[in-house]
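# Topology and contacts: notes
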Amino acid sequence: MAAWDLLFRRVHLATFAGSEPYGTLRDGALAVRAGRIVWLGAERDLPREARAAQEIDGAGGWLLPGLIDCHTHLVHAGNRAREFELRLQGASYEEIARAGGGIRATVAATRAADEAALVAASRPRLARLMAEGVTTVEIKSGYGLELSAERRMLRAARALGETAPVRVTTTFLGAHALPPEYDGRADAYIAEVCDVMLPALYREGLVDAVDAFCERIAFSPAQTEAVFRAARALGLPVRLHAEQLSDSGGAALAARHGALCADHLEHLSEAGAAALAAAGSVAVLLPGAFYFLRETHLPPVARLRALGVPIAIATDCNPGTSPLSSLLLALNMACVLFRLAPAEALAGVTRNAARALGRGDDLGTLEAGKLADLGLWNVDTPAELCYHLGYNPLALRVFGGQISGAGDAAQG
Ligand code: DI6
Ligand code: FE
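Residues numbered from 1 in each chain as written. Chains lettered and ligands numbered in written order. Predicted model: local features only at pLDDT ≥ 70, side-chain atom pairs only at ≥ 80, totals over all residues. Heavy atoms only, no water.

## So, the pairing of strand 11 (residues 282-285)
Both faces of strand 11 are covered, namely the face carrying Val 282 and Val 284 and the face carrying Ala 283 and Leu 285. Pairing of strand 10 (residues 261-264) with strand 11, which is carried by three bridges, proceeds in the parallel orientation. When the sheet's bridge partners are listed, Ala 262 is paired in strand 11 with Ala 283. In this region the chain leaves strand 10, passes through helix 9 (residues 270-279) and returns to the parallel neighbour strand 11; the handedness of that crossover is right-handed. With three bridges connecting them, strand 11 and strand 12 (residues 311-313) associate as parallel partners. Bridging from a neighbouring strand, Ala 283 pairs with Ile 311 of strand 12. (Buried < 20%, exposed > 50% of the residue type's maximum accessible area, 1.4 Å probe, protein only. Helix = DSSP H or I, 4+ residues; strand = E, 2+ residues; numbered from the N terminus. Pairing = 2+ DSSP bridges. Right-handed = clockwise from strand over helix to strand, strands pointing away.)

## Some remarks on the site of ligand 1
Around ligand 1, the surrounding shell holds 14 residues, and the nearest of these are Arg 80, Tyr 93, Tyr 143, His 176 and Thr 321. Between Arg 80 and ligand 1, the recorded distance is 2.7 Å, taken from a side-chain N or O atom to an oxygen atom. Between ligand 1 and the protein, one listed contact pairs an oxygen atom with a side-chain N or O atom of Thr 321 at 2.7 Å. For ligand 1, whose unbound accessible area comes to 330 Å², protein coverage reaches 100%. (Near = heavy atom within 4 Å. Polar contact = N/O pair within 3.5 Å; in protein donor to acceptor, adjacent residues only side chain to side chain. Areas by Shrake-Rupley, 256 points an atom, 1.4 Å probe, with all protein chains shown as cover.)

## Digging into the coordination of the iron ion (ligand 2)
Geometry reference: four tetrahedral donors at a metal, ideal angle 109.5 degrees. Six octahedral donors, ideal angles 90 or 180 degrees. Ligation of the iron ion (ligand 2) by protein atoms is provided by His 71 (NE2), His 73 (NE2), His 241 (NE2) and Asp 316 (OD), these donors lying 2.1 to 2.3 Å from the ion. Metal-centred angles of 81 to 168° between the four donor atoms at the iron ion (ligand 2) mark the site as irregular. Within one chain, the residues donating to the iron ion (ligand 2) are spaced in sequence as H-x1-H-x167-H-x74-D. (Donors = N, O, S within 2.8 Å, 3.2 Å for Na, K, Ca; no water. Tetrahedral: all angles 85-135°; square planar, octahedral: opposite > 155°, others 65-115°.)

## Thoughts on the UniProt feature "domain: Amidohydrolase-related" (unreviewed entry) in the chain
Taking the numbering used here, the UniProt-annotated feature "domain: Amidohydrolase-related" (unreviewed entry) corresponds to residues 63-379. The span residues 63-379 shows a helical share of 45% and a strand share of 15%, and its end C-alpha atoms are spaced 10 Å apart. (UniProt positions renumbered as here; feature names shortened; annotations may be inferred.)

## Focus on the UniProt feature "binding site: Fe(3+)" (unreviewed entry) in the chain
This chain's UniProt record puts "binding site: Fe(3+)" (unreviewed entry) on His 71, His 73, His 241 and Asp 316. Across 246 residues, the annotated set stays spatially compact, with a maximum C-alpha separation of 12.1 Å. One can find His 241 in strand 9 (residues 239-242). By relative accessible area, which is 3% here, His 241 ends up buried. Leaving out residues up to four positions away in the same chain, His 241 has contacts with His 71, His 73, Lys 140, Leu 173, Asp 211, Ala 212, Phe 213, Cys 214, Asp 263, His 264 and Asp 316. Among the structural elements, Asp 316 can be located in the loop between strand 12 and helix 12 (327-338). Residue Asp 316 is classed as buried on the basis of its relative accessible area, which comes to 1%. (Contact = heavy atoms within 4.5 Å.)

## Some words on the sheet that holds strand 3 (residues 36-42)
Ordered in space as 3-2-1-4-13-14-15, the seven strands form an open sheet in which the pairing is mixed. Only two strands of the sheet have a single neighbouring strand rather than two, namely strand 3 and strand 15 (402-404). Averaged over neighbouring strand pairs, the angle between their axes works out to 30° when direction is ignored. (Axes fitted to C-alpha atoms, helices over the stretch in contact; angles between N-to-C directions.)

## Section: the environment of Leu 298
When you line up the elements, Leu 298 lands in the loop between helix 10 (287-292) and helix 11 (301-307). Distance from Leu 298 to Leu 268, taken between C-alpha atoms, is 9.3 Å for residues 30 residues apart in sequence. Ignoring anything within four residues of it in the chain, the contact list for Leu 298 reads Glu 266, Phe 290, Leu 337 and Phe 338.

## A word on the confidence of the model for the chain
A low pLDDT means the predicted coordinates there should not be read in detail. Of the residues in the chain, 98% have a pLDDT of 70 or more, and the chain-wide mean is 96. In this model, residues 408-412 is a region of pLDDT below 50 whose contacts with residues beyond four sequence positions or in other chains number nine contacts. (pLDDT = per-residue confidence, 0-100.)

## Structural notes on helix 6 (residues 186-203)
Residues three or four positions apart in an α-helix share a direction because the helix packs 3.6 residues into each turn. An ideal rise of 1.5 Å per residue puts 26 Å on 18 residues; helix 6 measures up with 25 Å between its terminal C-alpha atoms. Its maximal kink placed at Val 193, helix 6 deviates by approximately 35°. Here helix 6 has its buried residues at Ala 186, Tyr 189, Ile 190, Val 193, Cys 194, Met 197, Leu 198, Pro 199, Ala 200 and Leu 201. On its buried face, helix 6 sits against helix 5 (147-163), strand 7 (167-175), strand 8 (209-214) and helix 7 (221-233). Just beyond helix 6, the residue with positive phi is Gly 205, at close to 75°. (Expected span 1.5 Å × (residues − 1). Bend = angle between axes of the 7 residues up to and from the residue.)

## Considering the packing of aromatic side chains
The final tally for this structure, using the stated rule, is six aromatic pairs. When the centroid spacing of 5.2 Å and the interplanar angle of 10° are considered together, the rings of Phe 84 and Phe 292 count as stacked. Here Phe 292 lies in helix 10 and Phe 84 lies in helix 1 (residues 81-88), a separation of 208 residues in the sequence. Relative accessible area serves as the criterion here: at 18%, Phe 292 is assigned to the buried category. With a centroid separation of 6.2 Å and an interplanar angle of 25°, the aromatic rings of Tyr 189 and Phe 219 are classed as stacked. One end of the pair, Tyr 189, is in helix 6; the other, Phe 219, is in the loop between strand 8 and helix 7, with 30 residues separating them in the sequence. (Phe/Tyr/Trp six-rings, centres within 6.5 Å; stacked < 30°, edge-to-face > 60°.)

## Quick notes on the nonpolar core
Within the largest apolar cluster, 100 residues are counted, with the highest numbers of intra-cluster contacts made by Val 75, Leu 265, Leu 276, Leu 285, Leu 340 and Leu 346. Non-local contacts of Val 75, meaning those with residues more than four positions away in its chain, are made with Leu 118, Ser 122, Ile 139, Tyr 143, Met 153, Ala 156, Ala 157 and Leu 160. (Core = buried A, V, L, I, M, F, W, Y, C linked by side-chain atoms within 4.5 Å.)

## Examining the sheet that holds strand 10
In space, the eight strands of this open sheet follow the order 5-6-7-8-9-10-11-12, with parallel pairing throughout. Whereas interior strands pair on both sides, the edge strands pair on one side only; in this sheet they are strand 5 (67-69) and strand 12. Across the sheet, the mean angle separating the axes of adjacent strands is 25° when strand polarity is ignored. In this fold helix 12 packs onto strand 5, strand 6 (134-140), strand 11 and strand 12, with an angle of close to 80° to the strand it touches most, strand 5.

Right, here's the structure in full:
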C-alpha cells in the first residue's frame, strides 16, 4: 500500500460526522496523505502493512476537526475602550452609534491605517485564534466604507492568510454602516456599494462572499436586497447580519436569496426561523456580542433546533460589540448563555461553521477525503473545550496535513 505522510495513533476521534452528536470514535487512528484525511477508524483495524513517514502518539487525547471561526471583523484599526466606559455610565450602543460614534469611530481609525498597519494590528488577534486551534477564519471588510479603504481591509485579510498557515475567507461588508459623507443619502451609498465597490473588489479577487447589516441603525431590507442582487449577479454567495437589535425580517430576506447563513438572530421571529429551515441556511449565533451588549433577548435556540436549522458559533471579533479573540470562550458562552449542549456548540465551530462558509465539502468534519485541518486536544472529553474558562488544552495543530506546535509555540 502507498505510504502515508502522517498517522495519529492512540487518539479518540470526535468526527462530527454521522448521527451521534460528537461522531465519537474511541481508540482510533487517523492517516493523512497529500494534505487530506485518507483513512480513519479504530486503531485495531489499521491495515497491518500501514506505514507513515511520521507517527504521532496522541496519548489518549482527542482529535477534532480544526476549529472554524465563521464570522469575524478581525481586520480593523484602533479600539473602542472609551465607548466601553461610556456604556458603563449608561449610554446604549444604539445611542452612541446615532451620535456618530460606534462603528464610525473604527471607520475613521481604519481609513487612517495603511495595509501594513492593518496587518500589524490584526495579526495578534489572528494568532490568538490560531493558538486555540482555529484553522479557518472568515474576515469581513466594513470599516472602510469607501473603495480604497475596503480594498485595504480585504488585502490585509488576504495577506494574513498568506503569511500564516490558517485558511482565510473574505467577506465584503460594504453595507455595514453609512459613511459620514453619505449622511441622508443611504440609497446613493448602496448604489456605490453595488455598482462600483463590489464589482471592482470582486474583479481583484478579494471577495469570497457578501454580507450586509440589516437593522434600523444600518440598512433597510430594500437596501439589503439591492446588495444581494448585485452579489448574486456576480455569482457570489450572500449572508446577513440579521435580527441583532430588532426584527427587520432580515433572516427571511436572506433565506429568499439562498443565503449561506444569517447571523446574530437574537430577535428572530417564528417566520424567520422557518424561512432559514426551508432554505437550508445556517444560523450563526454570536454570544460574545450578546454578552458584551448585555443583551437580554435570547436567540430562539429551541425553535432552531426543532426546525433542524444548523447552528454555528463564532466570535464576531470586532472592536464595538465583541472584542473577543477566543473561540473557546465563545463556545463556553454559547453553552452558558444560550444553553447549547457542548456537542452542539462544537458542531457549531466545525461542521456547521464550514457550511456557513460554503466549505462543507472539504472542511468541518473528520472524514476520508476532507482536508487534514486538525486539532489534538489534551482533554478527557470534548466537552472540556466548552467547559474551561481561560484555559487552552490544545496540544497540536495540523493545517492541511502540516503539523504546527501549540501552546506558546503556536503564537502565530
Ligand atoms: N453587528 C455587530 O455587532 C458589529 N457589526 C454589526 O453589524 C458591530 C460593529 C461595531 O460596533 O464596530
Ligand atoms: Fe458581525
